[in-house]
Amino acid sequence: PPPAGGPPPQISMPGQAGRGMPPPFGGQPGMMPPGVTPPGGMPHPYGQQQPPPPPPQQQGVPPPPAAAPPPAAPTPPVPQAPAAPVVNASGLMSEQDWVAKSGATVQLKVVTPSEEENSKFNFDGRTVSVSCQSMSTVKVLKEQLQEQLGGLAANKQKITSLKHGVLKDNMTLASYNFSNGDSLTVATKARGGKK
């Protein structure tokens, strides 16, 4: 108990430099002012010092947008080599490739034989020109020739080429790869002969 009427006794803490001195900064021993590091690398008396709080954000104002990356330059198309035409075992191009190469129509020369017994079909050695669609069948070609051959029916005609032999009615002119100016030969079919 303190003596009556006198000053209160000074309490000193162990390890404190000035005995009888009041504790600094708010009366707690070992307290350091905010932001001050203890001298000589000594640890802070209360552990790690907390970082300052972040600044308050303004309400209602969105943060500035992040800068968008610049647009990528368009990649130029890689040039592709044209597809090689498809050639079958006979060395002929496909119909589609042939039409793309030579065109949608073809002008052909059809040579008639010199046969006196078939002169009514204009078989006098003349050459008849005919223009057809490349995708037309041989049968369509024969139908076009019928008028020029004195009415010789399509099913009585036999058309041949030096390269392909006898042409089949269901095949297209493009499938035979005929070009403008190619020559064909027409004759009459023998009775009971193949088409």
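Everything below is about the structure printed above this text.
So, how was this worked out
- Residues numbered from 1 in each chain as written.
- Predicted model: local features only at pLDDT ≥ 70, side-chain atom pairs only at ≥ 80, totals over all residues.
- Heavy atoms only, no water.
- Helix = DSSP H or I, 4+ residues; strand = E, 2+ residues; numbered from the N terminus.
- Buried < 20%, exposed > 50% of the residue type's maximum accessible area, 1.4 Å probe, protein only.
- Pairing = 2+ DSSP bridges.
- Contact = heavy atoms within 4.5 Å.
- Axes fitted to C-alpha atoms, helices over the stretch in contact; angles between N-to-C directions.
- Core = buried A, V, L, I, M, F, W, Y, C linked by side-chain atoms within 4.5 Å.
- Polar contact = N/O pair within 3.5 Å; in protein donor to acceptor, adjacent residues only side chain to side chain.

Novice: Looking at this structure, I do not really get unusual backbone geometry. What am I missing?
Specialist: The bulk of non-glycine residues show a negative phi, and the bulk of peptide bonds are trans. Positioned with a positive phi, N122 is a non-glycine residue whose angle comes to about 65°. On the secondary structure map, N122 appears in the loop between β1 (105-111) and β2 (127-133). Its identity is not glycine, yet N177 carries a phi of approximately 60°, on the positive side. Inspection of the secondary structure puts N177 in the loop between β4 (165-166) and β5 (183-188). Taking relative accessible area as the criterion, N177 reaches 11% and is therefore assigned buried.

Novice: How do you make sense of the sheet that holds β1 when you look at a structure like this?
Specialist: Consider a sheet: its strands pair through backbone hydrogen bonds, and that pairing is either parallel or antiparallel. Taking strand neighbours across the sheet as the criterion, the 5 strands line up as β2-β1-β5-β3-β4 in an open arrangement whose pairing is mixed. Each edge of the sheet is formed by a strand with only one pairing partner; in this case those strands are β2 and β4. As paired strands, strand β3 (residues 157-161) and β5 are joined by 4 bridges and run antiparallel to one another. Bridge assignment links K158 to a residue of β5, and that residue is A187. Along the sheet, helix α3 (residues 138-148) makes contact with β1, β2, β3 and β5, crossing β2 at roughly 145°.

Novice: Mind showing me how you'd approach the side chain of S136 here?
Specialist: Here S136 is to be found in the loop between β2 and α3. Non-local contacts of S136, meaning those with residues more than four positions away in its chain, are made with M171, T172 and L173.

Novice: What is the right way to read the nonpolar core from this model?
Specialist: Formed by 20 residues in total, the largest nonpolar core has its most connected members in L108, L141, L145, L173, F178 and L184. Elements with a minimum of two residues in this core: β1, β2, α3 and β5. Discounting chain neighbours no more than four positions away, the residues touching L173 are V106, L108, C132, Q133, S134, S136, V138, L141 and F178.

Novice: What's the story with the pairing of β2 in this structure? I'm lost.
Specialist: The side chains of a regular strand alternate between both faces of the sheet. Of the two faces of β2, only one is covered, namely that formed by V128, V130 and C132; the face formed by T127, S129, S131 and Q133 stays uncovered. Of the pairings in the sheet, the one linking β1 to β2 comprises 7 bridges and is antiparallel in character. Bridge pairing in β2 links V111 to T127.

Novice: Please clarify how the side chain of N177 should be interpreted in this entry.
Specialist: At a separation of 2.8 Å, a polar atom in the side chain of N177 contacts the main-chain amide nitrogen of M93. Of note is the side chain of N177, whose polar atom sits 2.8 Å from the backbone oxygen of A174. Dropping the residues within four chain positions of it, N177 is found in contact with L92, M93, W98 and D182.

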